[in-house]
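Chains, contacts and geometry: an overview
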Amino acid sequence: MKKFINLFIGSLCVLIFAVMSGCSSVKDKDINLVTSFYPIYIMTLNLTDGISNVSVTNMAENHTGCLHDFRLQTSDMKKIEKSDAFIINGAGMESFLDKIIESNPEMTIINSSIGIDIIKSEHSHNHDENEHDDSDEDSEEKMNQNPHIWVSISNYIKQVDNICDGLVKINPENESKYRENALIYKKKLENLRDKMHHELDTLPNKNVITFHDAFPYFAKEFNLNIPTVISSEPENEPSVKELSETINIVKTLGIKALFVEPQYSDSSAKTIAQETGASVYSLDSGSSGEISKNAYLNIMEKNLKVLKDALA
């Protein structure tokens with residue numbers, strides 16, 4: 001009888017250990033996240049800070065900029081296939097998303113644009129004719145969206161919330177840490193937004209001309225007016241007609257500041273400046289940059305200084 005009891009106790013201990021080990025392995029399971037491009041990468045780095053079993057890989061190179069002409073490579077698909085979630089900007093930025101869903105129908109996708117009011121764009125950001133059907137109303141709707149939602153700090157904060165909620169769903173064991181990181185990061189963003197409003201709201205000049213349509217959300221947040229953009233396609237130099245039209249607008253409105261992005265050439269802006277006497281400044285949309293948790297904050301601080309100098 002004693003031998004039987006000892007055997008039973010031993011078996012029970014083994015069972016308890018196995019159950020506990022199983023629970024531990026689920027809780028400590030490595031979570032592999034892939035972000036679509038730079039601003040989403042920076043958001044996710046902040047949300048996962050200090051969580052040892054979560055890794056974040058950025059699909060596009062950090063210097064890629066917006067994904068206007070990005071083409072998926074086999075290596076990109078492999079990264080996504082091996083991940084626990086693919087985190088995207090949404091709002092039409094990832095024009096290749098249908099291809100990913102088709103190849104990975106069970107893939108968890110965290111869309112950071114949920115609940116954000118999308119501004120209509122005059123220019124399409126989907127340049128691959130094979131990735132949409134022009135006769136499809138939903139595709140047309142996506143093509144007419146301006147996807148640069150993160151350039152508004154208020155939208156950026158909403159994106160952080162959306163990503164945080166998505167991470168909690170796939171990895172509830174780390175919920176408290178995700179929530180804590182979100183609160184810390186959002187507080188920094190809110191403080192910066194308040195500072196920018198305090199210093200920009202009273203500036204006398206509100207008209208700005210930007211290189212392409214990356215700044216409508218930023219302009220809406222800080223009550224700036226963008227009468228036109230220098231180039232309809234950021235990867236290409238503007239046509240002679242576009243240059244002429246922009247020059248006329250600058251002269252008519254008496255605009256003194258032209259804003260280019262560090263990701264693109266400033267040659268067209270310099271041409272316009274020579275014809276109008278306007279000055280050229282660099283305004284960063286935050287679509288690329290250094291790998292740092294504070295990168296977005298630093299970019300917006302620089303933008304604040306530039307705008308104060310240009311519009312005062």
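Residues numbered from 1 in each chain as written. Predicted model: local features only at pLDDT ≥ 70, side-chain atom pairs only at ≥ 80, totals over all residues. Heavy atoms only, no water.

Turning to the overall build of the chain, a few remarks are in order. When its secondary structure is counted, the chain shows 11 helices and seven strands. In the chain, buried positions account for 48% of the 312 residues. Taking as baseline every contact in the chain between residues at least 6 positions apart, the subset at least 24 positions apart corresponds to 67%. Roughly 15600 Å² of accessible area belongs to the chain as shown, and the carbon and sulfur atoms make up 51% of that amount. (Helix = DSSP H or I, 4+ residues; strand = E, 2+ residues; numbered from the N terminus. Buried < 20%, exposed > 50% of the residue type's maximum accessible area, 1.4 Å probe, protein only. Contact = heavy atoms within 4.5 Å. Areas by Shrake-Rupley, 256 points an atom, 1.4 Å probe, with all protein chains shown as cover.)

With that settled, consider the sheet that holds strand S5 (residues 209–210). Judged by pairing direction, the sheet is parallel, and its three strands sit side by side in the order S5-S6-S7 without closing on themselves. Whereas interior strands pair on both sides, the edge strands pair on one side only; in this sheet they are S5 and strand S7 (279–282). Note that strand S6 (residues 257–260) and S7 share four bridges and pair parallel. Bridged to Ala257 within S7 is Ser279. Relative to the sheet, helix H10 (residues 267–276) contacts S6 and S7, its axis offset from that of S6 by approximately 170°. (Pairing = 2+ DSSP bridges. Axes fitted to C-alpha atoms, helices over the stretch in contact; angles between N-to-C directions.)

What follows is about the pattern of salt bridges. The tally for this structure, following the rule as stated, stands at 10 salt bridges. Close ionic contact of Lys195 with Glu301 constitutes a salt bridge, the shortest N to O distance being 3.1 Å. Of this pair, Lys195 sits in helix H7 (residues 175–200) while Glu301 sits in helix H11 (residues 295–311), and the two are 106 residues apart along the sequence. The exposure class assigned to Lys195 is partly exposed, which follows from its relative accessible area of 34%. (Salt bridge = Lys/Arg side-chain N within 4 Å of Asp/Glu carboxyl O.)

Let us now look at the confidence of the model for the chain. When pLDDT is averaged along the chain, the result is 87, and 84% of the positions lie at 70 or above. This model gives residues 12–26 a pLDDT under 50, and the stretch forms one contact once residues within four places in sequence are excluded. In the model, residues 124–135 has pLDDT below 50 throughout and makes 27 contacts with residues more than four positions away in sequence or in other chains. (pLDDT = per-residue confidence, 0-100.)

Pairing between the strands of a sheet comes from backbone hydrogen bonds, and it takes one of two forms, parallel or antiparallel. Taken together, the four strands give an open sheet; going across it, the order is S2-S1-S3-S4, and neighbouring strands pair in parallel fashion. On the outer flanks of this sheet lie strand S2 (54–58) and strand S4 (109–111), each paired with one strand and no other. Geometrically, the sheet is characterised by an average inter-axis angle of 25° between neighbouring strands, direction not taken into account. Two elements, strand S1 (residues 31–35) and strand S3 (residues 85–88), share three bridges in a ladder whose sense is parallel. Bridge pairing in S3 places Val34 opposite Phe86. Strand contacts of helix H2 (residues 38–47): S1, S2 and S3, with the helix running at about 165° to S2, the strand carrying the most contacts.

The subject of this paragraph is the environment of Val250. One can find Val250 in helix H9 (residues 240–253). Given the relative accessible area of 2%, Val250 is considered buried. Distance in space between the C-alpha atoms of Val250 and Asn207 is 9.6 Å, their sequence separation being 43 residues.

What you see with S2 is a clean split: Val54, Val56 and Asn58 sit on the buried side and Ser55 and Thr57 on the side with no burial. Crossover connection from S1 via H2 to parallel S2: handedness right-handed. (Right-handed = clockwise from strand over helix to strand, strands pointing away.)

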